[in-house]
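# Residue-level structure breakdown
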Amino acid sequence: MEIKEIIRDIKENLDKSGGLKHVFFVACGGSQAAIFSGHYLLSREARTFGTSIGNSNEFVHATPAMLDERCIVVLCSLNATAETVKAVQVANERGAHTIAMTGFPTTDMAKNGKYTVVYSNGSNQVYSQSNQSSALRIGFEILHQFEGYAHYDAAIDAFSKIDHIVKNARKYIQRIAAKFAEEYKDDEVFYVMASGPAYSTAYTMSYCHFMEMQWKHAVPMHSGEYFHGPFETTDKNLPIILFLSEGRTRPLDERALTFLHKYAQRVTVIDAKELGINIIDDRVAEYFQSAVMIPVERDMVSRMAELRNHSMDRRRYMWKVEY
Ligand SMILES: N[C@@H]1[C@@H](O)[C@H](O)[C@@H](COP(=O)(O)O)O[C@@H]1O
């Protein structure tokens, strides 16, 4: 079933049972970051229902009291992480409408979800059909069908531009990535700053790419929260990566940049505007930032991986020991 039909089917049911109350987004790690844009979209645009996001195992062990047949739960796991599959089952038991996003039609996610969305993945993925794009498609479709979202056409148009933008952005970043990798390959700690829908880029770069895949310490930092404690650690040696957003939270990032220009020295700025996101309609562009910036930041860390001769596929514990 296409996403449009999935939401239509769910709406038909919800119209009979009292309407939509809440959309939960549930996943672990990189997959949670991937669906964050969908959650963020609803958190800013939805007028008649709520939304939240969280870790799968927390959803299983501390299941929200609100969860019932008037909720949609969007869950994501490429290969069926056990706790995310369990979260699908918990949501099903409560009668919620589960949409299982997964990498392949044969996974336990696909087997357990009431509805399944198989997204493009791997090194040759089609970015307009990726996990990030699919979560956004679900979000825009919910807004459109339940509330008649005014900028739906602009959003649909954006999906037709994503592949072109990512292709060019990845070309644009090559030179910057090479310089970045050379300069920072021996550093052990990174702060990665962003705000708004781009926060999930900072999260993915830190948790997945620096920590998981390069075994380097990294702190995802909300650029608004930076001034409420963390900025006391700033000095001229600390490596900082700042994602400058396109959209309404850009002033938060610019405030951080002004401060960093004064007190820090080793700052790498990646500006969404320079990545070509501006060809998307201004009214929806901000929501597409992570869909564009995550492949770009991954290229930066991959370049570092090559120089360090530390493959992005190398793990000590993940999938190797019990945890
Ligand atoms: N970087 C991610 C991790 O954060 C995640 O835990 C793992 C399993 O993810 P999934 O549940 O999507 O299969 O995949 C990648 O390695």
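Structure's up top.
What comes next is a walk through the structure.

Conventions and cut-offs
- Residues numbered from 1 in each chain as written.
- Predicted model: local features only at pLDDT ≥ 70, side-chain atom pairs only at ≥ 80, totals over all residues.
- Heavy atoms only, no water.
- Near = heavy atom within 4 Å.
- Polar contact = N/O pair within 3.5 Å; in protein donor to acceptor, adjacent residues only side chain to side chain.
- Areas by Shrake-Rupley, 256 points an atom, 1.4 Å probe, with all protein chains shown as cover.
- Helix = DSSP H or I, 4+ residues; strand = E, 2+ residues; numbered from the N terminus.
- Nonpolar A, V, L, I, M, F, W, Y, C, P; charged D, E, K, R; others polar.
- Buried < 20%, exposed > 50% of the residue type's maximum accessible area, 1.4 Å probe, protein only.
- Pairing = 2+ DSSP bridges.
- Axes fitted to C-alpha atoms, helices over the stretch in contact; angles between N-to-C directions.
- Disulfide = S-S within 2.5 Å.
- Contact = heavy atoms within 4.5 Å.
- Salt bridge = Lys/Arg side-chain N within 4 Å of Asp/Glu carboxyl O.

### Digging into the site of the ligand
Lining the immediate environment of the ligand, one finds Gly29, Gly30, Ser31, Ser77, Leu78, Asn79, Thr81, Cys208, Glu212, Met318 and Trp319. At 2.7 Å, a side-chain N or O of serine 77 approaches an oxygen atom of the ligand. In the environment of the ligand, an oxygen atom lies 2.7 Å from a nitrogen or oxygen atom belonging to the backbone of leucine 78. Contact with the protein chains covers 83% of the free accessible surface of the ligand, which is 390 Å². Residue assignment for the shell around the ligand shows that the elements contributing at least two residues are α2 (29–45) and α9 (199–214). Broken down by class, the residue content of the shell around the ligand amounts to four nonpolar, six polar and one charged.

### So, the pairing of strand β5 (residues 115–118)
Every second residue of β5 is oriented toward a common face, the buried set being Tyr115 and Val117 and the non-buried set Thr116 and Val118. Sheet analysis places strand β4 (residues 97–102) next to β5, joined by four bridges and oriented parallel. Bridge pairing in β5 places threonine 102 opposite valine 118.

### Describing the sheet that holds β5
Ordered by their spatial adjacency, five strands build an open sheet running β2-β1-β3-β4-β5, and the pairing between neighbours is parallel. Every other strand in the sheet has two partners, leaving β2 (50–55) and β5 as the edge strands with one partner each. Neighbour-to-neighbour, the strand axes of the sheet open up by a mean angle of 20°, direction not taken into account. Note: strand β1 (residues 22–27) against strand β3 (residues 71–77), six bridges, orientation parallel. Counted as the bridge partner of alanine 27 is cysteine 76 from β3.

### Topic: the state of the cysteines
All told, the structure shown has zero disulfides when counted by the stated rule. Distance from the sulfur of cysteine 28, which forms no disulfide, to the nearest cysteine sulfur (cysteine 76) is 9.9 Å. On the basis of relative accessibility, which here comes to 17%, the residue cysteine 28 falls in the buried class. Sulfur of cysteine 208: no disulfide; nearest cysteine sulfur belongs to cysteine 28 and is 11 Å away.

### Some remarks on the side chain of serine 206
Tracing the backbone through its elements, the reader meets serine 206 in helix α9. In terms of polar contacts, serine 206 uses its side chain to reach the backbone carbonyl oxygen of alanine 202, at 2.8 Å. Setting aside residues no more than four positions away along its own chain, serine 206 makes contact with Val192, Met211, Ala218, Val219 and Pro220.

### Let's talk about the pattern of salt bridges
The tally for this structure, following the rule as stated, stands at 18 salt bridges. For arginine 248, the salt bridge goes to glutamate 286, with nearest N and O atoms at 2.6 Å. Residue arginine 248 is found in the loop between β8 (240–244) and α10 (250–263), and its partner glutamate 286 is found in the loop between β9 (267–271) and α11 (289–308); the two are separated by 38 residues along the sequence. Here glutamate 286 falls in the buried class, since its relative accessible area comes to 8%. Through salt bridges with shared partners, one network takes in Glu182, Lys185 and Asp186.

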